[in-house]
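Spelled out from the first residue to the last, the chains are:
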Amino acid sequence: MNLSIVDALQSIKSTGICLLTGARSSLVYIFAIISVALFFVNITPASLTDYAVLPEAVDSAAKYRGQPTKKTDYSRFHGELQAGDTLDDTLRQAQINAEDRHRIISALDELLDLRALRPRDRFMAVFDHHDTVVEYRYQAGPLDIYRVQRTTDDVFQAEKMNVALERKTKKISAEVESSLFAAFKTHGEKARLVYSFADIFSSRMDFNAEIRAGDRFQLIFEKYYQGGEFVGYGPIIHARYQQARGEVFEAFRFESSGNPAAYFDADGRELAANFLRSPVPMARVTSGFTRGRKHPILNEVRPHLAVDLAAPAGTPIKATADGRIIFREGNGDNGNLVVLEHSDGYFSYYAHLSSFEEGLKVDDRVLQGDIIGFVGSTGLATGPHVCYRIRRHGEYINPMKLSFKPRSVLKGEVLAHFREQVEDTIRLAKNLDRTDRQVMTSRITVTPDYRPTLL
Ligand SMILES: [Zn+2]
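Note that the structure is predicted; figures quoted are calculated from it, not measured. (Residues numbered from 1 in each chain as written. Predicted model: local features only at pLDDT ≥ 70, side-chain atom pairs only at ≥ 80, totals over all residues.)

Student: Describe in detail unusual backbone geometry, supporting the description with residues and values.
Tutor: Phi at Gln95 is positive, roughly 60°, even though this residue is not glycine. In this structure, Gln95 sits in the loop between α4 (87–93) and α5 (98–109). (Helix = DSSP H or I, 4+ residues; strand = E, 2+ residues; numbered from the N terminus.)

Here you go:
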């Protein structure tokens, strides 16, 4: 094994140095980044806080008193956690006395990780007309509301509350005119849904480079609301992308027992491949794989048996397949270099890193998509990029031309179960087409035992 590492590192030297080239492609790249950034300016800020306000507490406070009361008998204090605040700080703000603070914290400590509270979480305290606290609620997210109530026996009892949500199942069918972002925006949908959609097909197409006007797409997904306010997206159930040039990709979400949900084509082949298309999905190819090119600085023909991917310094780099770290340190012209060993004789190389992902070391196993380091320009590089190589049985191969192999293929009973679910999804699509705006609404209750997956 050591031999093959040495061999691998030696042969990396003979494949030529790689440089960030092409002012024109950098400009295109910068333009793409700016367009995405502008899109976010419009879209993201609201989504950070777009969960509903804490529900009314007056009724439960009245229950504690065991008698009908007027709302004016109770007063409420509403607040929001600031950076650096503890739970105790929120209770102090509400002017709750030391003894009650201590009892409320003890009660909540059983249910909630008090060290993981996040700024902008909301809280509320309810007081009776003696200014005694009778209830305290802490909202750690749209689906996570905790309640502490003073009982008639004068003890504090904490529970996680059920949350009623409205679920909208929605279908979108559209044609791409400029970008996928623009097409989703027309339908009033947010960036994270676009990313989720693009991610499903990331092994098959690069939505930065390969999208064309006239492409068509379709998806069925869920949206959750609380009291009319948008809480979050549920998973995409079905997605389809039809390129204008004729190729069609289709994906059905499927969860078999014991496995995380994944996307499969209609024949039960997983959409995800054994290798990701790129270790830096948003990056631009600035220098492709070639057995002979004129070197921009040395001015002589040299092979570049790698792909250079330019991205801002510090952009995370992902392991493109499950594997094991066999090299992770500075390596001359390669700068900071990570080498992974995979099954079937494959190795992948990631050069010029600004830094390595902390906590990893040689011999550690990594999964596809795990972050292994960050884009930089260490070693011989004229700008921040990652030089990405794939080697198999001693030979470098073009990472962009890796033949597609599904990560998994459904078989037997699981496949039969999957096919039934595909039929259900097709029926659902037809039913949605019959509705007014391709939306169906239902109600669900989030309980400590059931919560939907949010994107
Ligand atoms: Zn290179």
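Student: Lay out the environment of Gly314 with the relevant residues and their values.
Tutor: Among the structural elements, Gly314 can be located in the loop between β14 (307–310) and β15 (316–318). For the pair Gly314 and Pro384, spaced 70 residues apart in the sequence, the C-alpha separation amounts to 8.7 Å. Excluding residues that lie within four positions of it along the chain, Gly314 makes contacts with Ser354, Phe374 and Val375. (Contact = placed C-beta atoms within 7 Å.)

Student: Explain the pairing of β14 residue by residue, including any values.
Tutor: Because side chains alternate across β14, one face comprises the buried residues Val307 and Leu309, and the other comprises Asp308 and Ala310, equally buried. Where strand β11 (residues 284–287) lies against β14, three bridges are found, and the strand directions are antiparallel. Among the inter-strand pairings, Val285 is bridged to a residue of β14, identified as Leu309. (Buried ≥ 20, exposed ≤ 12 C-beta atoms within 10 Å, placed from the backbone. Pairing = 2+ DSSP bridges.)

Student: Account for the environment of His130, naming residues and giving values.
Tutor: Of note, His130 is situated in the loop between β2 (122–127) and β3 (133–141). The exposure class assigned to His130 is exposed, which follows from the 6 C-beta atoms found within 10 Å. Each C-alpha atom of the pair His130 and Tyr74 lies 9.2 Å from the other, and the pair is 56 residues apart in sequence.

Student: How would you summarise the sheet that holds strand β21 (residues 371–374) if you had to cite specific residues and measurements?
Tutor: Each strand in a sheet pairs with its neighbour through backbone hydrogen bonds, running either in the same direction (parallel) or in the opposite one (antiparallel). The strand order across the open sheet built from three strands is β15-β21-β19, with neighbouring strands paired in antiparallel fashion. The sheet is open, and its two edges are formed by β15 and β19 (355–356), each paired on a single side.

Student: Tell me about the confidence of the model for the chain, residues and numbers included.
Tutor: For the chain, the average pLDDT comes to 84, and 82% of its residues sit at 70 or higher. Segment residues 13–17 is flagged for pLDDT under 50; beyond a separation of four residues in sequence, or across chains, it makes 10 contacts in the model. Within the model, pLDDT remains below 50 along residues 19–69, and this stretch shows 68 contacts once partners closer than five positions in the same chain are excluded. (pLDDT = per-residue confidence, 0-100.)

Student: Residues and numbers for the pairing of strand β22 (residues 385–392), please.
Tutor: The buried fraction of β22 amounts to seven of the eight residues, a majority that puts the element mostly inside the structure. Pairing between β14 and β22: four bridges, direction antiparallel. Counted as the bridge partner of Asp308 is Cys387 from β22. The pairing of strand β18 (residues 346–353) with β22 spans six bridges and is classified as antiparallel. Bridging from a neighbouring strand, Tyr349 pairs with Arg389 of β22. In this structure, the hairpin formed by β22 and strand β23 (residues 395–397) is closed by a connection of two residues, where His393 is found at a positive phi of approximately 45°.

Student: I'd like a description of the sheet that holds strand β9 (residues 248–254), backed by residues and values.
Tutor: Read from one edge of the open sheet, six strands run β10-β9-β8-β7-β6-β24, paired in antiparallel fashion. Across the chains shown, the open sheet's two edge strands, defined by having one partner strand only, are β10 (262–264) and β24 (439–446). If you compare each strand with its neighbour and ignore which way they point, the axes differ by 30° on average. Examined bridge by bridge, strand β7 (residues 216–226) and strand β8 (residues 229–242) share 10 bridges and lie antiparallel to one another. Each bridged residue has a counterpart across the sheet, and for Gln226 the counterpart in β8 is Glu229. Along the sheet, helix α7 (residues 191–200) makes contact with β7, β8, β9 and β10, crossing β8 at roughly 30°. (Axes fitted to C-alpha atoms, helices over the stretch in contact; angles between N-to-C directions.)

Student: So what's going on with the environment of Arg147? Residues and values would help.
Tutor: Position of Arg147 among the secondary structure elements: in strand β4 (residues 144–150). When sequence neighbours within four positions are dropped, the list of residues in contact with Arg147 reads Glu135, Arg137, Ala158, Glu159 and Met161.

Student: Requested: an account of α7, with residues and values cited.
Tutor: Along α7, the positions that sit buried rather than exposed are Val194, Phe197 and Ile200. Looking straight down α7, one finds that the buried residues subtend no more than 125° of arc, so they occupy a single side. (Arc of directions from axis to C-beta.)

Student: Go over the nonpolar core with me, naming the residues and quoting the values.
Tutor: Ranked by internal contacts, the top residues of the largest apolar core, which has 36 residues, are Leu309, Ile317, Val338, Tyr350, Val386 and Tyr388. Going through the elements one at a time, β14, β16 (323–330), β17 (336–341), β18, β21 and β22 are the ones with two or more residues in this core. Examining the composition of this core, we find that five residues originate from one element, β18, more than from any other. Among the nonpolar cores identified, the runner-up in size contains 27 residues, and Phe184, Phe201, Tyr233 and Phe418 belong to it. (Core = buried A, V, L, I, M, F, W, Y, C linked by C-beta atoms within 7 Å.)

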